[in-house]
Amino acid sequence: MTIFKEKVDEEYLTVSEVKVLLEDVEAERAADEERELRYELARAIEHVNRFAHLDPEESRDLVEELLEQEKVDPETAIKIADLLPQSRDELRAVYAQERYALDGDELDDILNVVAKYV
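About the cut-offs
- Residues numbered from 1 in each chain as written.
- Predicted model: local features only at pLDDT ≥ 70, side-chain atom pairs only at ≥ 80, totals over all residues.
- Heavy atoms only, no water.
- UniProt positions renumbered as here; feature names shortened; annotations may be inferred.
- 1 Å grid on protein atoms, 1.4 Å probe; cavity = no way out; pocket = protein on both sides within 12 Å on 5 of 7 lines; lining within 4 Å.
- Points joined across faces, edges and corners; volume = space filled by probe spheres on them.
- Nonpolar A, V, L, I, M, F, W, Y, C, P; charged D, E, K, R; others polar.
- Patch = residues over 30% accessible without salt bridge, like charges linked within 9 Å, V, L, I, M, F, W, Y side chains within 5 Å.
- Areas by Shrake-Rupley, 256 points an atom, 1.4 Å probe, with all protein chains shown as cover.
- Salt bridge = Lys/Arg side-chain N within 4 Å of Asp/Glu carboxyl O.
- Lys, Arg positive; Asp, Glu negative; His and termini not counted.
- Charge placed at Lys NZ, Arg CZ, Asp CG, Glu CD.
- Helix = DSSP H or I, 4+ residues; strand = E, 2+ residues; numbered from the N terminus.
- Expected span 1.5 Å × (residues − 1).
- Buried < 20%, exposed > 50% of the residue type's maximum accessible area, 1.4 Å probe, protein only.
- Arc of directions from axis to C-beta.
- Contact = heavy atoms within 4.5 Å.
- Polar contact = N/O pair within 3.5 Å; in protein donor to acceptor, adjacent residues only side chain to side chain.

- Looking at an unreviewed UniProt entry, one finds the chain named DNA-directed RNA polymerase subunit Rpo4 and attributed to Halobellus rubicundus.
- Under Catalytic activity (unreviewed entry), UniProt gives the following word-for-word description of the chain: "RNA(n) + a ribonucleoside 5'-triphosphate = RNA(n+1) + diphosphate".
- Quoted verbatim from the Subcellular location (unreviewed entry) field of UniProt, the annotation for the chain is "Cytoplasm".

## Examining empty space enclosed by the protein
The rolling of a water-molecule-sized probe over the atoms marks out the regions of remaining empty space.
Thinking step 1. Counted by the stated rule, this structure contains 1 cavity of 30 Å³ or more.
Thinking step 2. If you go around the largest cavity, the residues you meet are Thr14, Val15, Ser16, Phe51, Ala52, His53, Leu54, Ser59, Ala81, Asp82 and Leu84.
Thinking step 3. Here the lining of the largest cavity is built from residues that sort into 6 nonpolar, 4 polar and 1 charged.

## Overview of a negative patch on the surface
Thinking step 1. On the surface, Asp55, Glu57, Glu58, Asp61, Glu64 and Glu68 cluster together into a negatively charged patch.
Thinking step 2. Relative to the elements of secondary structure, glutamate 64 occurs in helix 3 (residues 56-67).

## Things to note about helix 6 (residues 104-117)
Thinking step 1. Counted at 1.5 Å a residue, the expected span for helix 6 with its 14 residues is 20 Å, and the 21 Å between its end C-alpha atoms agrees.
Thinking step 2. Among the residues of helix 6, those classed as buried are Leu107, Ile110, Leu111, Val113, Val114 and Tyr117. Along the long axis of helix 6, the arc covered by the buried residues comes to 155°, so they all point the same way. Turned more than 90 degrees from where helix 6 packs its buried face, Asp105 and Lys116 sit exposed.
Thinking step 3. At its buried positions, helix 6 is contacted by helix 3, helix 4 (74-83) and helix 5 (88-94).
Thinking step 4. Put simply, aspartate 103 is the residue that caps the front of helix 6, since its side-chain oxygen is 3.3 Å from the backbone nitrogen of aspartate 105.

Written out as structure tokens, the structure reads:
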């Protein structure tokens, strides 16, 4: 038997924003000697430390600027901010699952926005 819980809220966060949240959790767990760091939490902390390249404010600014582009939805903007693609091929990989393809000018516009933050 599976028990499903109701989804109350959903918010997309960049890896940089998650890093700040996990640092708080890690500090809280370190303060209590009785609680150990679970394997999943330790791996998540390791992941965000390795892949968070921007400050949380910069990553949120990048997402907001990407959302101004015509064919960038919130989920895709988060992916782009996390991956920071440097070429058209890398950016095309982000859009590989979409039902539409971007032309060269649209790809260049997005890459120009990303280049401001790299």
